[in-house]
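Observations on the model geometry
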Amino acid sequence: MQVQCILCDQVDNIDKNSLLAKRLLNRRIGTYLCTTCHHRIAEKTQKRHETGKFKLYHPEDNNFQCSNESS
Ligand SMILES: [Zn+2]
């Protein structure tokens, strides 16, 4: 079956018997993300977690955090 990525509108063909297809059809998940966007979001989430952790140890040092992001 054909599914469209909600972020980049790429259309993928997935096996309609796959777990992902069943979930989409059952509306257990309402959205489809292509592999590229999925990885991009996973990366962002990971970075946010790292930043969050960092903030915990240095709650006031914003300058240091900025230089960390740009490098
Ligand atoms: Zn996408």
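Our subject in this report is the structure included herewith. Since the model is a prediction, treat every value here as computed from it, not as a measurement. (Residues numbered from 1 in each chain as written. Predicted model: local features only at pLDDT ≥ 70, side-chain atom pairs only at ≥ 80, totals over all residues. Heavy atoms only, no water.)

So, on to the coordination of the zinc ion. Metal coordination angles in their ideal form are 109.5 degrees for the four-donor tetrahedron and 90 or 180 degrees for the six-donor octahedron. Surrounding the zinc ion are the protein donor atoms Cys5 (SG), Cys8 (SG), Cys34 (SG) and Cys37 (SG), which sit 2.3 Å from the metal. Because the angles between the four donor atoms bound to the zinc ion fall within 106 to 115°, the donor set is best described as tetrahedral. Here the donor residues of the zinc ion share one chain and are spaced in sequence as C-x2-C-x25-C-x2-C. Here Cys34 lies in the loop between helix 1 (19-25) and helix 2 (35-57) and Cys5 lies in the loop between strand 1 (2-4) and strand 2 (11-13), a separation of 29 residues in the sequence. Each member of the pair Cys5 and Cys34 is classed as buried. (Donors = N, O, S within 2.8 Å, 3.2 Å for Na, K, Ca; no water. Tetrahedral: all angles 85-135°; square planar, octahedral: opposite > 155°, others 65-115°. Helix = DSSP H or I, 4+ residues; strand = E, 2+ residues; numbered from the N terminus. Buried < 20%, exposed > 50% of the residue type's maximum accessible area, 1.4 Å probe, protein only.)

Moving on, we get to the environment of Ala21. Take Ala21: it is sitting in helix 1. Once the C-alpha coordinates of Ala21 and Tyr32 are considered, the two residues, 11 residues apart in sequence, prove to be 9.5 Å apart. Apart from residues no more than four positions distant in its own chain, Ala21 is found in contact with Met1, Ile14, Asp15 and Lys16. (Contact = heavy atoms within 4.5 Å.)

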